[in-house]
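# Results of the structural survey
Each chain is listed here by its residues.
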Amino acid sequence: MVQPIKIQIRFNDIDVGGHVHNAAYFHYFELARVHYFQDLLGEEWDWKCHGFILAENTAKYLLPLNFDDSPIVSLRVTKIGTKSFSLEYRITVAETLHCVGSSVIVCFNYLNRKPIPIPNLLNTVLIQLT
């Protein structure tokens, strides 16, 4: 099982109000995706033939994150289709929920520039994350 990723809030993540800017949360979601899929798919995964394209990204901000917080991002799979899948993210600080989000990811062959069916290994990994 992959451990959730710990995020280090950067100074440039902070807005004029003194808390993490809303757009930075999407970067945290991306870091979680990379963390999970690199761990589960391994270094030999061919990202050009079996890549991902982000089709949708949403966030619901529940509590602000501040510069001195130590957020953790976890993810789980909520839906598996034939060419796409959906993820849910949870950002917590000391077990307090600060943000929930979701993404729709489409499997994509960058060489052919076309969507592809979910590869078998990825499908197995996705099932583990449900």
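Residues numbered from 1 in each chain as written. Predicted model: local features only at pLDDT ≥ 70, side-chain atom pairs only at ≥ 80, totals over all residues. Heavy atoms only, no water.

A separate point is the packing of aromatic side chains. For the coordinates displayed, the defined rule picks out 11 aromatic pairs. Taking 6.4 Å as the distance between ring centres and 80° as the angle between the ring planes, the aromatic pair formed by Phe11 and Phe67 counts as edge-to-face. Of this pair, Phe11 sits in the loop between β1 (5–6) and α1 (22–41) while Phe67 sits in the loop between β2 (51–61) and β3 (72–80); the two residues are 56 residues apart in sequence, bridging distant segments of the chain. Exposure remark for Phe67: the relative accessible area of 43% places this residue in the partly exposed category. With centroids separated by 5.0 Å and ring planes inclined at 70°, the aromatic side chains of Phe108 and Tyr110 adopt a geometry described as edge-to-face. Among the aromatic residues, those joined into a cluster by ring pairs are Phe37, Trp45, Trp47, Phe52 and Phe85. (Phe/Tyr/Trp six-rings, centres within 6.5 Å; stacked < 30°, edge-to-face > 60°. Helix = DSSP H or I, 4+ residues; strand = E, 2+ residues; numbered from the N terminus. Buried < 20%, exposed > 50% of the residue type's maximum accessible area, 1.4 Å probe, protein only.)

Let's shift gears to unusual backbone geometry. The backbone of Ala94 sits at a positive phi, close to 50°, despite the residue not being glycine. Under the relative-accessibility criterion, Ala94 is labelled exposed at 71%. Its identity as a non-glycine residue notwithstanding, Glu95 has a phi of 65°, on the positive side.

Turning our eyes to something else, we now look at the pattern of salt bridges. Side chains bearing opposite charge may pair, as long as their charged atoms lie close to each other. Scanning the model with the defined rule gives two salt bridges in all. In this structure, the salt-bridge partner of Asp13 is Arg10, at a minimum N-O distance of 3.0 Å. Classification of Asp13 as buried rests on a relative accessible area of 3%. The exposure class assigned to Arg10 is partly exposed, which follows from its relative accessible area of 39%. Across the pair Glu88 and Arg76 runs a salt bridge whose closest N-O atoms are separated by 3.0 Å. Note that Glu88 is positioned in strand β4 (residues 84–93) and Arg76 in strand β3, a separation of 12 residues in sequence. Glu88 gets classed as partly exposed once you look at its relative accessible area, which sits at 25%. (Salt bridge = Lys/Arg side-chain N within 4 Å of Asp/Glu carboxyl O.)

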